2 protein chains.
Amino acid sequence: MATSDTRTRPVTLRDVAQLAGVSVATASKALNGKADVHPDTRRRVQEVADRLAFTPNSLARAITAGRTGTVGLLTHDLEGRFSLPILMGAEDAFGAGSTSVFLCDAREDAIREQHHLRALLGRRVDGLIIVGSRTDPRSSLGPDVPVPVVYAYAPSDDPDDASVVPDNVSAGRLAAEHLLTLGRRRIAHVSGDPTYAAAQDRATGVGQALAAAGLEQVGPVRFGSWSEAWGRAGVSAALDADPGIDAVVCGSDMIARGVLDALRERGVRVPQDVAVIGFDNWEPMIAGSRPALTSVDMNFETMGRRAATRLFSRIAGAAERGVETVAPRVVVRASTASG
Amino acid sequence: MATSDTRTRPVTLRDVAQLAGVSVATASKALNGKADVHPDTRRRVQEVADRLAFTPNSLARAITAGRTGTVGLLTHDLEGRFSLPILMGAEDAFGAGSTSVFLCDAREDAIREQHHLRALLGRRVDGLIIVGSRTDPRSSLGPDVPVPVVYAYAPSDDPDDASVVPDNVSAGRLAAEHLLTLGRRRIAHVSGDPTYAAAQDRATGVGQALAAAGLEQVGPVRFGSWSEAWGRAGVSAALDADPGIDAVVCGSDMIARGVLDALRERGVRVPQDVAVIGFDNWEPMIAGSRPALTSVDMNFETMGRRAATRLFSRIAGAAERGVETVAPRVVVRASTASG
DNA sequence: CTGTTAGCGCGTTCAG
DNA sequence: CTGAACGCGCTAACAG
């Protein structure tokens, strides 16, 4: 039957050369746009290659080139909230085609990380992007990895490594400044798990902005967990303590979602009575919120692009080290609409 | 120290052999556990390899082996809702280590798909998994792809291809049967975009279960969009038309989330007055819902494992063709708790 | 302009 | 038990 040739050996350059009646070297030069090939010859070779659907074997090419045109993306972010945008940014930066990305999920497990690391190095990736699951510094892979490494989202604890991280302090500042711009003066902050650097950093940023405006935050930062349930509970506690609150900074969009629900149920109007802002600009949370939620976007795609770009520089031999932050931006929606 | 040469060329088998004072062949045999090597020699080679952190070059190995130990996962699912669980299932099935996965995002774009396809084939992947963004059949890559292909989530329109898809008809049936088990008899169905096969299939399943129980659905299937807003609007319309509804099947967890909110705001108690069930068991939606949402899990990870397993069979030469469905399961939570 | 030769890193014969 | 030689697919350097 037709499937007899199931294992059709892929077409090689040799096949093309043979059918075009030239040597492999000539065929190679013709297809790679090198000089010193007669136009006619080039065209003929090109034609045959197309007809045979010839795909050059990158592996063989890699042997001599010394580079495989492949990078590894080793993530610990199970759900892909950070790693997918980063992957997309990286794909963009690498320019479709010349570089491909191996994605491995280490699931917060050092053993698995080690394992994938070996697998990736064995496949001779040209470089590695390591994505953490929180913004707290993580242990460096060390200087003995034979390829350049860039850490994304979670920085390496070794300042000599290259890291690209979101700027949560700026994000906090931006959030508070946005509320201040609207004329809000009695601002509370309901955040998530206080063991997360992201929670602390955002709180720091909020504090800076308020201090700069000569204001004090209404009540302490109410830390809890990264959940809607906590958002509901946290804002209730805040309102009970200080009914005069006119804005709430929420540690994440999920928390904001809970805050919005609780406010609505208490009959507090958003944004007229209280303005609400979240962090992450996470579509699934934003989409259903009432009113539509203003949020600080951490620009993960940019982070991916930057990580990829820095990795490229390092692959090319540049020194590239230290932590680079990615500036966030406020996406304004109804929950802080002026008026 | 050694790190002076930043671009430390990866250690090759030759290096190991030299330092161990043996030939490459001996080193190879020693490290690969082949017979006919003196135990002492083996140990010495092993030691040197460890000391040098030698990682065998899979690329070179692939040359002779004819297989690269690499598969491509080409997805159109931007957000990773399907492709990430599938990736994880695939990683599991491949057994950590021997096989790595190239993940590419084609973003619903045929050009990009073609492009990534070439890149993957050029890297000589042993096989491909193609993940669609909806369960509607997609055009086959055709028989000319030189490696085995398995389609996941979206089946190929060519029955000779191998596909692994969620069983949405069963899912609909399971959902309705679950409600029937609870004693609910007046069941409405609020679903999403009717152009999606998933919406139609789930509706079909619901209809089958009701018919089998000798019941009629309360009102038509209310199609709309895959959004919370539509969930709120849809259930309101349903209730206005038929106040006696005692259960609602929701086309997705997002819709269910909207339905729950609308019911609560109307003073309808869940599950006492109306039971609610969704589809997908999507954690971000489930987490914040009040009460906790019962949902039909489509078992994406299983889908990934099955896709990987079938791909393996095909790589090994098996015939493997046709569409395989993955059975869903109901995850019961408070929104349908009995009592 | 084109063909020949060498070699990349590794596994695999096949002689020693 | 060991080592030299071959080949995988391709490109670079050199001859013609």
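Residues numbered from 1 in each chain as written. Chains lettered and ligands numbered in written order. Predicted model: local features only at pLDDT ≥ 70, side-chain atom pairs only at ≥ 80, totals over all residues. Heavy atoms only, no water.

- By the naming in an unreviewed UniProt entry, chain A goes by LacI family DNA-binding transcriptional regulator and is assigned to Cellulomonas wangleii.

1. Focus: the overall build of chain A
Argument step 1. Tallying secondary structure elements over chain A gives twelve helices and eleven strands in all.
Argument step 2. Taken over the C-alpha trace, chain A has a radius of gyration of 26 Å; the compact-globule value for 339 residues is 20 Å, which it surpasses by more than 25%.
Argument step 3. Projected onto its principal axes, the C-alpha positions of chain A cover 85 × 40 × 40 Å.
Argument step 4. Sequence-distant contacts in chain A: of pairs separated by 6 or more residues, those separated by 24 or more amount to 69%.
Argument step 5. Of the roughly 14000 Å² of accessible surface on chain A, a fraction of 52% belongs to carbon and sulfur atoms. (Helix = DSSP H or I, 4+ residues; strand = E, 2+ residues; numbered from the N terminus. Rg over C-alpha atoms; globule rule 2.2 N^0.38 Å. Contact = heavy atoms within 4.5 Å. Areas by Shrake-Rupley, 256 points an atom, 1.4 Å probe, with all protein chains shown as cover.)

2. Brief notes about the protein's contact with DNA strand D
Argument step 1. Surveying the vicinity of DNA strand D reveals 23 residues, the closest of which are Leu13, Ser28 and Lys34 of chain A together with Ser23 and Ile63 of chain B.
Argument step 2. Within the backbone of Leu13 of chain A, one N or O atom sits 2.3 Å away from a phosphate oxygen of DNA strand D.
Argument step 3. Thr41 of chain B is positioned such that a nitrogen or oxygen atom in its side chain is 3.3 Å from a phosphate oxygen of DNA strand D.
Argument step 4. Looking at the surface near DNA strand D, the elements that each hand over two or more residues are helix H1 (13–20), helix H2 (24–31) and helix H4 (58–65) of chain A together with helix H2 (24–31), helix H3 (39–51) and helix H4 (58–65) of chain B.
Argument step 5. Top element by residues in the surface near DNA strand D is H2 of chain B. It accounts for three residues.
Argument step 6. Residue classes in the surface near DNA strand D are distributed as nine nonpolar, nine polar and five charged. (Near = heavy atom within 4 Å. Polar contact = N/O pair within 3.5 Å; in protein donor to acceptor, adjacent residues only side chain to side chain. Nonpolar A, V, L, I, M, F, W, Y, C, P; charged D, E, K, R; others polar.)

3. Overview of the pairing of strand S5 (residues 162–166) of chain B
Residues and elements named next belong to chain B.
Argument step 1. Counting buried positions along S5 gives five out of five residues, so the element sits mostly inside the fold.
Argument step 2. Residues Ala162, Val164 and Pro166 line one face of S5 and the alternating positions Ser163 and Val165 line the opposite face, and both faces are buried.
Argument step 3. Relative to S5, strand S4 (residues 149–152) runs parallel, the two sharing three bridges. Across the sheet, the residue bridging to Tyr151 is Ser163, located in S5.
Argument step 4. Relative to strand S10 (residues 322–326), S5 runs parallel, the two being bridged by five bridges. Bridging from a neighbouring strand, Val164 pairs with Glu324 of S10. (Buried < 20%, exposed > 50% of the residue type's maximum accessible area, 1.4 Å probe, protein only. Pairing = 2+ DSSP bridges.)

4. Things to note about the environment of Asp261 of chain A
Argument step 1. If you trace the backbone, Asp261 of chain A turns up in helix H10 (residues 253–266).
Argument step 2. Residues Asp261 of chain A and Arg232 of chain A lie 29 residues apart in sequence; the distance between their C-alpha atoms is 6.9 Å.
Argument step 3. In contact with Asp261 of chain A, not counting residues within four places along its chain, are Glu228 of chain A together with Arg257 and Arg290 of chain B.
Argument step 4. Within polar-contact distance, the side chain of Asp261 of chain A engages the side chain of Arg264 of chain A at 2.7 Å.

5. Focus on the relation of the copies chain A and chain B
Argument step 1. Note on the identical chains: chain A maps onto chain B by a rotation of 179° and an axial translation of 0.0 Å, with an RMSD of 0.3 Å. Here the copies are linked by what is in effect a two-fold axis. Minimal C-alpha separation from the rotation axis in chain A is found for Phe102 of chain A, amounting to 2.2 Å.
Argument step 2. Counting the interface residues of chain A, we find that 97% of their copies in chain B are interface residues as well, pointing to one common contact surface. (Least-squares fit on C-alpha atoms with pLDDT ≥ 70 in both.)

6. Things to note about the environment of Val296 of chain A
All names here are of chain A.
Argument step 1. Tracing the chain through its elements places Val296 in strand S9 (residues 294–297).
Argument step 2. Taking relative accessible area as the criterion, Val296 reaches 0% and is therefore assigned buried.
Argument step 3. Taking the C-alpha atoms as reference points, Val296 and Trp282, 14 residues apart in sequence, are found 9.5 Å from one another.
Argument step 4. Those residues in contact with Val296 that lie beyond four places of it in its chain are Ala171, Ala175, Ile277, Gly278, Phe279, Asp280, Asn281, Pro328, Arg329 and Val330.

7. A look at the confidence of the model for chain A
Argument step 1. Of the residues in chain A, 97% reach a pLDDT of 70 or more, and the chain-wide mean stands at 92.
Argument step 2. Overall, residues 1–6 of chain A carries pLDDT values under 50, and its contacts beyond four positions in sequence, including any with other chains, amount to zero contacts. (pLDDT = per-residue confidence, 0-100.)

8. With respect to the protein's contact with DNA strand C
Argument step 1. Taken together, 24 residues are adjacent to DNA strand C, and Asp36, Thr41 and Ile63 of chain A together with Thr12 and Leu13 of chain B come closest.
Argument step 2. Of everything in DNA strand C that lies within 4 Å of the protein, sugar and phosphate atoms constitute 60%.
Argument step 3. Measuring from a phosphate oxygen of DNA strand C, one finds a side-chain N or O atom of Thr26 of chain A at 2.9 Å.
Argument step 4. Between DNA strand C and Ser28 of chain B there is a distance of 3.4 Å, counted from a phosphate oxygen to a side-chain nitrogen or oxygen.
Argument step 5. In the surface near DNA strand C, the residues fall into nine nonpolar, ten polar and five charged.

9. Quick look at the sheet that holds strand S9 (residues 294–297) of chain B
All names here are of chain B.
Argument step 1. An order of S6-S7-S8-S9-S11 is seen for the five strands of this open sheet, with the pairing classed as mixed. The sheet terminates laterally at strand S6 (187–190) and strand S11 (329–331), the two strands that pair on one side only. Put simply, the sheet's adjacent strands are angled 20° from each other on average, direction ignored.
Argument step 2. Lying on the sheet, helix H7 (residues 168–181) is in contact with S6, strand S7 (247–250), strand S8 (275–279), S9 and S11; it crosses S8 at an angle near 165°. (Axes fitted to C-alpha atoms, helices over the stretch in contact; angles between N-to-C directions.)

10. Side note on the packing of aromatic side chains
Remark: the centre distance and the inter-plane angle together describe each pair of aromatic rings, the angle taken between the planes.
Argument step 1. This model, assessed by the stated rule, comprises nine aromatic pairs over all chains.
Argument step 2. Seen in terms of ring centroids, Tyr153 of chain A and Phe300 of chain A are 5.8 Å apart; in terms of plane orientation they differ by 65°. Their pairing is edge-to-face. Within this pair, whereas Tyr153 of chain A is found in the loop between strand S4 (149–152) and strand S5 (162–166), its partner Phe300 of chain A is found in helix H12 (residues 300–315), the two being separated by 147 residues in sequence. Taken individually, Tyr153 of chain A and Phe300 of chain A each receive the classification buried, so the pair is uniform in this respect.
Argument step 3. For the pair Phe82 of chain B and Phe300 of chain B, a centre-to-centre distance of 5.3 Å together with 70° between the ring planes defines the contact as edge-to-face. (Phe/Tyr/Trp six-rings, centres within 6.5 Å; stacked < 30°, edge-to-face > 60°.)

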